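Report on the structure
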Amino acid sequence: MILNGIPAPESYRPATYWEDRARRFAGEGDGLAAVCSYGMPAFYNRVIHFCQRLALDPWLRIRPGTRALDVGCGVGRWSRLLASRGAFVTGVDLSPTMIAQSKLRTAEAGLSNRWRFLVQDSAALDVGGPFDLVLGVTVLQHILDPVALRAAVERMAAQLSGAGRMVLLEAAPTYAAPSCDTTVFRARQRREYLQLFSECGLRVQTITGVDPAPFKTWLLPHFRKLPRPVSLATLALATGLSAPIDAVFGRVVVERSWHAVFVLERA
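These notes cover the structure that comes with them. These figures come from a predicted structure and were not determined experimentally. (Residues numbered from 1 in each chain as written. Predicted model: local features only at pLDDT ≥ 70, side-chain atom pairs only at ≥ 80, totals over all residues. Heavy atoms only, no water.)

It is worth spelling out the environment of Phe117 at this point. Along the chain, Phe117 turns up in strand E5 (residues 115-119). Of the residues examined, Phe117 reaches a relative accessible area of 5% and is grouped as buried. Once the C-alpha coordinates of Phe117 and Thr90 are considered, the two residues, 27 residues apart in sequence, prove to be 5.7 Å apart. (Helix = DSSP H or I, 4+ residues; strand = E, 2+ residues; numbered from the N terminus. Buried < 20%, exposed > 50% of the residue type's maximum accessible area, 1.4 Å probe, protein only.)

In structure tokens form, the structure reads like this:
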């Protein structure tokens, strides 16, 4: 099994996997290799982050004083953005190293009085809500156990205030894509998420897209099979072709988007 640039483990123990990933990459540069595509080139992860930022930004324009929960916060990239806009942010992650990096990077950004970071499992959240905003970016796609997945969504929903909003960005194609699944990642069809959200007492406000250009998803299942110079050149080409399409049309070409942004509220 291949997870983008690095072989996926044969056995997935989430706490061990994410801590190892954090130790390898969370302190390196901007930390994107730990939280975007594991071990992929920096240019590729920067484009992913850019497209995610474009897709999320309309839903992260918050009022000062907003209480926000960032689930699976990684190195704190979204927590820092929210804190810089006046939110009081609680970030949680399974990895102690990710949390240490979040604290360090957020303090260095001069935002020390606006955050707290905790080591917690999303399936057992206990963070003292309610929150006006609950955010999760590419978290659920890495929870393979159905019981843990449902528990995570239920615990996230339980943190919402009555008028609160949940914003989730996940790999959620409208078609089956089993060739992209690995031992640490599941490309669930969008309808599966919609059914799960409904069963967990959540109502969809809207769904927007992120990355409708198909070139990267065509390439990635075959990436490691190619000689390295060929794979890098092909990746650069696919990324270069995708970036302008995703930047311009990502939010509106929803049905063709590989990732989706789900904007939810309590039913």
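Within the secondary structure, Tyr44 is located in helix H3 (residues 42-56). Tyr44 gets classed as buried once you look at its relative accessible area, which sits at 3%. For Tyr44 and Thr239, which are 195 residues apart along the polypeptide, the C-alpha to C-alpha distance reads 6.7 Å. Apart from the residues lying within four places of it in its own chain, the contact partners of Tyr44 are Ser37, Lys216, Leu220, Leu235 and Thr239. (Contact = heavy atoms within 4.5 Å.)

This part takes up the layout of surface pockets. Roughly 500 Å³ of volume is contained in the second largest pocket. Forming the walls of the second largest pocket are 29 residues, and the residues nearest its centre are Trp18, Leu94, Val139, His142 and Ile143. The set of elements that each furnish at least two residues to the lining of the second largest pocket consists of helix H1 (14-25), helix H2 (32-35), helix H4 (77-84) and strand E4 (88-93). Examining the composition of the lining of the second largest pocket, we find that 3 residues originate from one element, H1, more than from any other. Of the residues assigned to the lining of the second largest pocket, the class counts are 18 nonpolar, 6 polar and 5 charged. (1 Å grid on protein atoms, 1.4 Å probe; cavity = no way out; pocket = protein on both sides within 12 Å on 5 of 7 lines; lining within 4 Å. Points joined across faces, edges and corners; volume = space filled by probe spheres on them. Nonpolar A, V, L, I, M, F, W, Y, C, P; charged D, E, K, R; others polar.)

Bridge count between E4 and E5: 5 bridges; the pairing is parallel. Residue pairing across strands places Thr90 opposite Arg116, the latter belonging to E5. Of the crossover connections in this fold, the one passing from E4 over helix H5 (residues 96-108) to the parallel E5 is right-handed. (Pairing = 2+ DSSP bridges. Right-handed = clockwise from strand over helix to strand, strands pointing away.)

Among the surface-exposed residues, Ile245, Val248, Phe249 and Val252 lie close enough to one another that they form a single nonpolar patch of about 370 Å² accessible area. Position of Val252 relative to the elements: it lies in the loop between helix H9 (228-249) and strand E9 (259-266). On the accessibility criterion, Val252 (62% relative accessible area) is exposed. (Patch = residues over 30% accessible without salt bridge, like charges linked within 9 Å, V, L, I, M, F, W, Y side chains within 5 Å. Areas by Shrake-Rupley, 256 points an atom, 1.4 Å probe, with all protein chains shown as cover. Salt bridge = Lys/Arg side-chain N within 4 Å of Asp/Glu carboxyl O.)

A few words now on H9. With 22 residues, H9 extends 31 Å from end C-alpha to end C-alpha; this agrees with the ideal 32 Å at 1.5 Å per step. A bend of about 30 degrees at Ser242 is the largest found in H9, and the proline Pro244 appears one to four places after it. Buried within H9 we find Ser231, Leu235, Ala238, Thr239, Ser242 and Asp246. On its buried face, H9 is in contact with H3 and helix H8 (215-219). (Expected span 1.5 Å × (residues − 1). Bend = angle between axes of the 7 residues up to and from the residue.)

Before going further, it helps to examine the sheet that holds strand E6 (residues 131-137). The mixed open sheet is built from 7 strands, whose spatial order is E5-E4-E3-E6-E7-E9-E8. On the outer flanks of this sheet lie E5 and strand E8 (202-209), each paired with one strand and no other. Between one strand axis and the next, the sheet turns through 15 degrees on average, direction left out of account. Pairing analysis gives 4 bridges linking strand E3 (residues 67-71) to E6, with the strands arranged parallel. In the strand pairing of E6, Leu69 is matched with Val134. (Axes fitted to C-alpha atoms, helices over the stretch in contact; angles between N-to-C directions.)

With that settled, the discussion passes to the pattern of salt bridges. Summed over all chains, the structure comprises 8 salt bridges. Between Asp57 and Arg61 there is a salt bridge; the shortest N-O distance is 3.4 Å. Take Asp57: its relative accessible area is 16%, and that puts it in the buried class. Taking the relative accessible area as the measure of exposure, Arg61 reaches 61% and is therefore exposed. Each of the salt bridges in this network shares a partner with another, and the network as a whole consists of Arg53, Asp57, Arg61 and Arg85.

Before going further, it helps to examine the packing of H3 against H9. The relative placement of two packed helices comes down to the angle between their axes together with the axis-to-axis distance. Axis separation between H3 and H9 bottoms out at 10 Å; the angle between their running directions is 15 degrees. Here H3 is positioned roughly parallel relative to H9, judged by the angle of their axes. Regarding H3 and H9, the two cross each other, and that crossing is left-handed. For the pair formed by H3 and H9, the contact residues are Phe43, Tyr44, Val47, Phe50, Cys51 and Leu54 on the first element and Leu232, Leu235, Ala236, Thr239, Ala243, Asp246 and Ala247 on the second. Its residues assigned to classes, the contact of H3 with H9 shows 11 nonpolar, 1 polar and 1 charged. (Parallel < 35°, antiparallel > 145°, perpendicular 65-115°, else oblique. Left-handed = near helix turned anticlockwise from the far one by under 90°.)

Moving on, we come to the packing of aromatic side chains. Scanning all chains against the criterion turns up 10 aromatic pairs. Ring geometry for Phe197 and Phe262: centres 5.2 Å apart, planes at 75 degrees, overall edge-to-face. Linking Phe197 in helix H7 (residues 190-199) with Phe262 in strand E9, this pair joins segments that are 65 residues apart in sequence. Assigned by exposure class, Phe197 and Phe262 land together as buried. Taken together, the ring pairs in this structure connect Tyr12, Tyr17, Trp18, Phe25 and Tyr38 into an aromatic cluster. When the ring centre of Phe131 is taken as reference, the NZ or CZ atom of Arg67 above it lies at 4.9 Å. Above the face of the Phe88 ring, Arg114 is positioned so that its terminal group lies 4.5 Å from the ring centre. (Phe/Tyr/Trp six-rings, centres within 6.5 Å; stacked < 30°, edge-to-face > 60°. Lys NZ or Arg CZ within 6 Å of the ring centre and 35° of its normal.)

By themselves, these figures tell us nothing about what the structure is for.
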